[in-house]
Amino acid sequence: INDSMLRFTDQEAGAKLALAVAGARVRSLKFIVLDSLANDSLQLRSTLAALTTAFGRKVLPGVVVMASKADRCSEAAKRLASMVAIAKRQGIDQVVLWQDKDISPQERDHQLQRLIQALGSVPSVCTSDLEDLHARVEARAKQLFEQEPMHTTQVMVPEQYAEPYEEQEAYQESYITWTTKDEAYDEHVPYEETVKQHYQKPYIERGNLFGKIVTLGLGFKDELKYTTEAQDVKVPKVRVVTRTRPVQVPEDASRTAYRTVKKYRTKFREVPKTAEYQVPPEQFIDRALAEITGEMRIALATRSVAGVGPDDMALGASAAGG
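Residues numbered from 1 in each chain as written. Predicted model: local features only at pLDDT ≥ 70, side-chain atom pairs only at ≥ 80, totals over all residues. Heavy atoms only, no water.

1. Let's talk about the packing of aromatic side chains
Moving on, step 1. What the rule picks out here adds up to two aromatic pairs.
Moving on, step 2. Residues Phe31 and Phe55 carry aromatic rings whose centres are separated by 5.2 Å and whose planes lie at 40 degrees to one another, so their mutual orientation is tilted. With a gap of 24 residues between them, Phe31 in strand β1 (residues 31–36) and Phe55 in helix α2 (residues 44–55) connect regions that are remote in the sequence. When sorted by exposure, Phe31 lands in the same class as Phe55, which is buried.
Moving on, step 3. Both rings, one in Phe145 and one in Phe284, keep their centres 6.3 Å apart while their planes meet at 70 degrees; by these two values the pair is edge-to-face. One end of the pair, Phe145, is in helix α5 (residues 128–147); the other, Phe284, is in the loop between β5 (223–277) and α7 (285–306), with 139 residues separating them in the sequence. (Phe/Tyr/Trp six-rings, centres within 6.5 Å; stacked < 30°, edge-to-face > 60°. Helix = DSSP H or I, 4+ residues; strand = E, 2+ residues; numbered from the N terminus. Buried < 20%, exposed > 50% of the residue type's maximum accessible area, 1.4 Å probe, protein only.)

2. Points about the environment of Thr293
Moving on, step 1. When you line up the elements, Thr293 lands in helix α7.
Moving on, step 2. Counting along the chain gives 271 residues from Thr293 to Ala22, while the straight-line C-alpha distance between them is 8.3 Å.
Moving on, step 3. Here Thr293 is in contact with Leu19 and Leu133, once residues within four sequence places are set aside. (Contact = heavy atoms within 4.5 Å.)

3. A closer look at the sheet that holds β1
Moving on, step 1. Ordered by their spatial adjacency, three strands build an open sheet running β1-β2-β3, and the pairing between neighbours is parallel. Strand pairing shows two members of the sheet lacking a second neighbour, β1 and β3 (94–97), which therefore form its edges. Along the sheet, successive strands turn relative to each other by an average axial angle of 25 degrees, direction set aside.
Moving on, step 2. In this structure, β1 lies alongside strand β2 (residues 63–68), joined through six bridges in parallel fashion. When the bridges of β2 are listed, Leu34 appears paired with Met66.
Moving on, step 3. In this fold α2 packs onto β1 and β2, with an angle of close to 155 degrees to the strand it touches most, β1.
Moving on, step 4. In the packing of helix α3 (residues 76–89) onto the sheet, contacts are made with β1, β2 and β3, and the angle to β3 comes to roughly 160 degrees. (Pairing = 2+ DSSP bridges. Axes fitted to C-alpha atoms, helices over the stretch in contact; angles between N-to-C directions.)

4. Notes on the side chain of Thr127
Moving on, step 1. Mapping Thr127 onto the fold places it in the loop between α4 (105–121) and α5.
Moving on, step 2. Taking the relative accessible area as the measure of exposure, Thr127 reaches 0% and is therefore buried.
Moving on, step 3. A distance of 2.9 Å separates a polar side-chain atom of Thr127 from the backbone nitrogen of Leu130.
Moving on, step 4. Setting aside anything within four residues of it in sequence, one finds Thr127 in contact with Leu17, Leu29, Phe31, Phe55 and Val59. (Polar contact = N/O pair within 3.5 Å; in protein donor to acceptor, adjacent residues only side chain to side chain.)

Take it as geometry only, folks, not as evidence of what the structure does.
Below you can see the structure in the form of structure tokens.
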């Protein structure tokens, strides 16, 4: 921060830096602290003290000390050792030697690479004011989010519905069919049968004529006798004869028939629906950042005009942040 005109205090420097980097959406920093080896005395202690006053002690791990004008100092090595010792006591490990003049392009590139490597080896840090600013921004964004009413919008959503349709359906239909079959039946048939019939046939057996004479007819009389004879006689009879005749008989049968049935199929369609939604808290960050940084700039400008001292400014910043 170049403030050779002493336009603001160390505390104001921290606030101004926080405003500048917050606008660029930067959440962490690394610092290069310059101290000239060619000065009459080393200013590193006071510079680091001012740095911690402005930005807090949390930033010291992210500091790289640049020891400049090594080519203009006759006791560069001794002063560099003192500078390293001062830095070590503050927990700073990276001290880079920097030469401005009498250096070749290759050497300039090498010392630039050493500076880049040193910056890459230290962690990114956040200043106290920057942490406070981000905390206030997040709190304000949460407040704006909670105050924001619900929004409505028309959205197309899938809806399931049943669509009717007709279809020819096959089924088995029962019916009666008539068929001709041969039926057996018994028939009584009369007929005549010739049989031998025996009967008694009478005849007269004559007595002896001489005896009749001798006995004066009292003996040897004629006798009526019978003889068995046979003759053919026709006798009527009946016999059972099995015959067949065609008859119509019913039978159960089935056949494939078709009928119209009503069915339903599931379909989907897009229908409009009013939906409520809430803007996510993240979308209020920009608005909250603009409000908080605007308030901080007004507060800084007001204190600058009124000539408020550093301690009073710190109290005022704390009140504005609350």
